[in-house]
Amino acid sequence: MELICPAGTPAAFHEAVDAGADAVYCGFRDETNARNFPGLNFSREELREAIAYAKRKGTQTFVALNTFMRAGAEEIWYKGAADAVALGADALILADFGLMAHVAEKYPEQRLHVSVQASASNPDAINFLVDAFNAQRVVLPRTLTIADIARIGKNIRCEMEVFVFGGLCVMAEGRCSLSSYATGKSPNMNGVCSPASHVRYRKDGGELVSELGDFTINRFPAGEAAGYPTLCKGRFDIADSNGYAFEDPVSLDVMGELEALKAAGVKALKIEGRQRGKAYVAEVVSTMKAALNSPPDRRAPLLARLRTMSEGQKTTSGAYEKRWR
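None of the values given here were measured: they were computed from a predicted structure.

**Q** Is there a simple way to think about the environment of Lys289 in this case?
**A** Mapped onto the secondary structure, Lys289 falls in helix H9 (residues 278–292). Sequence separation of Lys289 and Ala19 is 270 residues, and the distance between their C-alpha atoms is 7.8 Å. In this structure Lys289 touches Leu3, Ala19, Gly20 and Asp22, once residues within four positions along its chain are discounted.

Structure follows, in structure tokens:
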């Protein structure tokens, strides 16, 4: 199975390639990219150099144009697609059906992957995208069990890619409204979830309070590590209890299910983390590459190293085992 690795900066891109990534995914420094944060992403010239470096090393480059087009400003996305094709991207990762139609018509030889943001999660939806736009791979939502994935794989006409490690987003993919409600900035339109411009921390007695927009997201007593105030991972008063309403602030890790994912027909394993630094990318990619190249009975010590790289140094299998609250 291929290992698909994140790069939010040129430095992280080089680390992913050198650590053994089969493909690296990245995006432009604008709203076409669902990780549109200050200090991240690529200019056209940086992407040109990155793709050339990857090709010399035998690594593919996937360019994510994975937000939904804004009415009246479609040219921003069309230009992003044109530039990515011209620069030699091996695949475009797209969410918007209109952009898929544009790419399929203008660049019929360009490989097209369906972004997780498109939320294609059943054979009818996936095969429609294959027939309509010649999609060659679908990135499946993180709301499916391995049994679900296996059933889908038997009934579709394209490759499957799944997330196996990194930040866990609990939304029904492509339909996040929580951050938009709190900040006015949409992950799916503007490419920003819980933007730093709306984040505040303040002291309240012996507690550290984290806020997003006008909302208190969490309170941390002295000695407890303070997490980033993402609304879906906030701690709230519900009835007579206080706790994490949607999901604990931990990372996804299903690397222990590699054989089951392979048997289900998965073609590619995806790491989340374009907001992470180059040291994180290097460690995670090299560790996972070594695990993939090892027999199943020798993977455990390697995979244990990933725990220290996880959010809160804890992990979950998320919806893969349907244990969510």
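That shown, we press on.
**Q** Would you mind showing me how to read the sheet that holds strand S8 (residues 199–204) here?
**A** Pairing in this open sheet of three strands is antiparallel, and the strands run S8-S9-S10 from one edge to the other. Unpaired on one side and paired on the other, S8 and strand S10 (215–220) mark the two borders of the sheet. Shown here is a sheet whose adjacent strand axes are inclined to one another by a mean of 25°, direction ignored. Sheet analysis places strand S9 (residues 207–212) next to S10, joined by five bridges and oriented antiparallel. Each bridged residue has a counterpart across the sheet, and for Leu212 the counterpart in S10 is Phe215.

**Q** Is there a simple way to explain the pattern of salt bridges in this structure?
**A** Pairing of side chains with opposite charge becomes possible as their charged atoms draw close. Within the structure shown, the criterion is met by 23 salt bridges. Between Lys79 and Asp83 there is a salt bridge whose closest N-O contact spans 2.7 Å. Note that Lys79 and Asp83 are positioned in helix H3 (residues 74–87) at a spacing of four residues, about one turn of the helix. A relative accessible area of 47% places Lys79 in the partly exposed class. Judged by relative accessible area, which is 17%, Asp83 ranks as buried. Its salt-bridge partner being Glu224, residue Arg235 comes within 3.2 Å of it at the nearest N-O pair. With Arg235 in strand S11 (residues 235–238) and Glu224 in the loop between S10 and S11, this pair connects stretches of sequence that are eleven residues apart. Salt bridges linked by common partners bring Glu2, Arg111, Arg137, Glu159, Glu161 and Lys270 together as one network.

**Q** Where do I start with H3 in this structure?
**A** Given 3.6 residues per helical turn, the α-helix brings residues three or four places apart onto the same face. Here H3 contains 14 residues, and its C-alpha end-to-end distance of 20 Å stays within 8% of the 20 Å for a straight helix at 1.5 Å per residue. For H3, the complete set of buried residues consists of Trp77, Gly80, Ala81, Asp83, Ala84 and Leu87. Taken end-on, H3 shows its buried residues confined to a sector of 165°, consistent with a single buried face. Opposite its buried face, H3 presents the exposed residues Glu75 and Ala86, each directed more than 90 degrees away. Next to the buried residues of H3 lie helix H2 (44–57), strand S3 (60–65), strand S4 (91–94) and helix H4 (97–106). Gly88 sits one or two residues past H3 and shows a positive phi near 100°.

Definitions and limits used
Residues numbered from 1 in each chain as written. Predicted model: local features only at pLDDT ≥ 70, side-chain atom pairs only at ≥ 80, totals over all residues. Heavy atoms only, no water. Helix = DSSP H or I, 4+ residues; strand = E, 2+ residues; numbered from the N terminus. Contact = heavy atoms within 4.5 Å. Pairing = 2+ DSSP bridges. Axes fitted to C-alpha atoms, helices over the stretch in contact; angles between N-to-C directions. Salt bridge = Lys/Arg side-chain N within 4 Å of Asp/Glu carboxyl O. Buried < 20%, exposed > 50% of the residue type's maximum accessible area, 1.4 Å probe, protein only. Expected span 1.5 Å × (residues − 1). Arc of directions from axis to C-beta.

Treat this as a map of the structure, not an account of what it does.
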